[in-house]
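Each chain, letter by letter, is given below.
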Amino acid sequence: MPALNIEYTEHELAAIRAAAAADGKSVKAYVHDLSVREQQRRDFVAHAVAFWTAHRAEFDAAFPEDAPAA
């Protein structure tokens, strides 16, 4: 399986270790889950923006009092 080596300062690594411990995870699992969750968040936002862009006219027509002024 592909892997990464990521360098952190001592301060950064200490903070990551503390956060991983607070979540009850290893540092490896914590950093993995955090990076995957961030990518999923970005994908969700991109799809939400695309949906809004595709359907904005419908919302404006359905709720003309809430439509932004031109």
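Residues numbered from 1 in each chain as written. Predicted model: local features only at pLDDT ≥ 70, side-chain atom pairs only at ≥ 80, totals over all residues. Heavy atoms only, no water.

(A) A look at helix α1 (residues 10-23). For α1, with 14 residues, the first-to-last C-alpha span of 20 Å sits near the 20 Å given by 1.5 Å per residue. Buried within α1 we find Leu13, Ile16 and Ala20. Down the axis of α1, the sector holding all buried residues measures 60°, keeping them to one side. Exposed and oriented more than 90 degrees from the buried face of α1 are Glu10, His11, Ala21 and Ala22. Here the buried face of α1 lies against α2 (27-62). (Helix = DSSP H or I, 4+ residues; strand = E, 2+ residues; numbered from the N terminus. Expected span 1.5 Å × (residues − 1). Buried < 20%, exposed > 50% of the residue type's maximum accessible area, 1.4 Å probe, protein only. Arc of directions from axis to C-beta. Contact = heavy atoms within 4.5 Å.)

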